[in-house]
Amino acid sequence: MRTRADRCPGVLRPWAADDGLLVRLRLVGGRLPAPSLARLLQVSAEFADGSVYLTKRANLQLRGLAGHAGALAPDAVAALESTGLLPSRSHELVRNILVSPQTGYAGGRADLRPVATGLDALLCVDPRLAGLPGRFLFVLDDGRGDLIDRRGDAGLVALSDTEAQLRVGDDWGAVIRLDDAAARLAELAVGFQNARGRRPDAPWHVRELDRPLQPALAADPRVPARSGPLPFGSVPGGTHVRMPDGVLTPDQARSLLEHAELVVTPWQGVFIPQAQEANR
C-alpha cells in the first residue's frame, strides 16, 4: 500500500539524482515560446549540465543542478522564473496538461489551445488544487485520435468544433460544449481532490478512488479511432523534429530558436508550426 505523497519533481521540489538535482518545468500543451527556450538554455549552461530534456508528458527538465539540503539556491530559482515557464510557485506541480501537438495548426476537429490555457488559469487560481498530486494528468485530444489511448485522470476528446466528450479516469463522461470545457475539467480536479482525502496513502489517480467521480457512459459514436504518434519529418502544419533520447543540446536548439513558437511533443520531439490553418 502507498504510504507517501508523490515525488514528481518541480523547481521548488527538485529530485536528487546521481548527477545532481533534477527539476521539471511544465508546459501547457507543450507550447514553448522560443525566447523562453533560449533563456532556459542559458540557465542550464550556468546552473545545470547545459542541455534541456524532453519528457513523455511534453514537459522540460534540467539535470545536474547544485543545491543545498535538497533545494535549489535562490539565484537558480530566480533564473528559472526568468524563463516565464514558472508562472505559479504554489501550483507548479499540478500544471500537467497534455494536448494534441498540432491543434490549431493543422487537422483536428477543434483548436484546443484556448481550452488548455483556460484550464491552466483555473488551476492556478484555485487554492484547493495546489495539493493535487504531481502525477494527475489532463489529456486533451482534438479529435484526431493521437492521444486517445493516452491514460490520464481527466480530459476530453473533441467531437466537433463545438462539442467534446469528457474522459474521467479510464471511463467516458458527458458530452459537453467546448466553451465550457475548461471549467468542467477544473471541476473534475476539485472533485478528485475532495474525494481522495488527506491520508498518507491518498490516491494519486482517479482510477484509484474507491468510488467513481461520475457515472461511466458509453463512448459517443463520433469518438475517433486511434491515429498513433505524430511521425517525424514534414507533417501537416509544420515539421516534427526528433530529439534523440529526448535530449535538446544547444547545438540542436539553434535552428529551433529561429521560430517564434515551438510545441514539445510526448514522443521526444519538437513540432515547429509553419502556418496557422483555420479549423474545420
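So, here is what we can say about the structure in this document. (Residues numbered from 1 in each chain as written. Predicted model: local features only at pLDDT ≥ 70, side-chain atom pairs only at ≥ 80, totals over all residues. Heavy atoms only, no water.)

**Observations concerning the packing of helix α1 (residues 34–47) against helix α2 (residues 74–81)**
Viewed as axis vectors pointing N to C, α1 and α2 meet at an angle of 165°, and their least axial separation amounts to 9 Å. Judged on the interaxial angle alone, α2 and α1 are roughly antiparallel. Two packed elements cross with a definite hand, and for α1 against α2 that hand is left-handed. Packed against α1, whose contacting residues are R39, L40, V43 and F47, the element α2 presents D75, A76, A79 and L80 at the interface. Looking at side-chain class alone, the contact of α1 with α2 contains 6 nonpolar, no polar and 2 charged residues. (Axes fitted to C-alpha atoms, helices over the stretch in contact; angles between N-to-C directions. Helix = DSSP H or I, 4+ residues; strand = E, 2+ residues; numbered from the N terminus. Parallel < 35°, antiparallel > 145°, perpendicular 65-115°, else oblique. Left-handed = near helix turned anticlockwise from the far one by under 90°. Contact = heavy atoms within 4.5 Å. Nonpolar A, V, L, I, M, F, W, Y, C, P; charged D, E, K, R; others polar.)

**Comments concerning the sheet that holds strand β5 (residues 60–65)**
Pairing is antiparallel across the open sheet formed by 5 strands, whose spatial order is β1-β2-β5-β4-β13. Looking at which strands have only one partner, the edges of the open sheet turn out to be β1 (15–17) and β13 (247–248). Contacts from α1 reach β2 (20–25), β4 (52–54), β5 and β13 within the one sheet, and its direction differs from that of β5 by about 15°. (Pairing = 2+ DSSP bridges.)

**Remarks on the packing of aromatic side chains**
The final tally for this structure, using the stated rule, is 3 aromatic pairs. Each ring, one from Y105 and one from F271, has its centre 6.0 Å from the other, and the planes form 65°; the classification is edge-to-face. Of this pair, Y105 sits in the loop between β6 (97–99) and α3 (113–125) while F271 sits in strand β15 (residues 269–273); the two residues are 166 residues apart in sequence, bridging distant segments of the chain. By the burial criterion, Y105 is buried, and F271 matches it. (Phe/Tyr/Trp six-rings, centres within 6.5 Å; stacked < 30°, edge-to-face > 60°. Buried < 20%, exposed > 50% of the residue type's maximum accessible area, 1.4 Å probe, protein only.)

**Quick look at the pattern of salt bridges**
For the structure on display, the rule yields 15 salt bridges. The salt bridge partner of D126 is R128, with a shortest N-O separation of 2.8 Å. D126 sits in the buried class, given a relative accessible area of 12%. Taking the shortest distance from any N to any O, the salt bridge between D179 and R177 comes out at 3.4 Å. For R177, a relative accessible area of 48% corresponds to the partly exposed category. Among the ionic contacts, a cluster of salt bridges with common partners joins E163, D220 and R222. (Salt bridge = Lys/Arg side-chain N within 4 Å of Asp/Glu carboxyl O.)

**Concerning α2**
Every buried residue of α2 is listed here: A76, V77, A79 and L80. Viewed along the axis of α2, the buried residues span an arc of 160°, placing them on a single side of the element. Of the surrounding elements, those touching the buried residues of α2 are β2, α1 and β5. (Arc of directions from axis to C-beta.)

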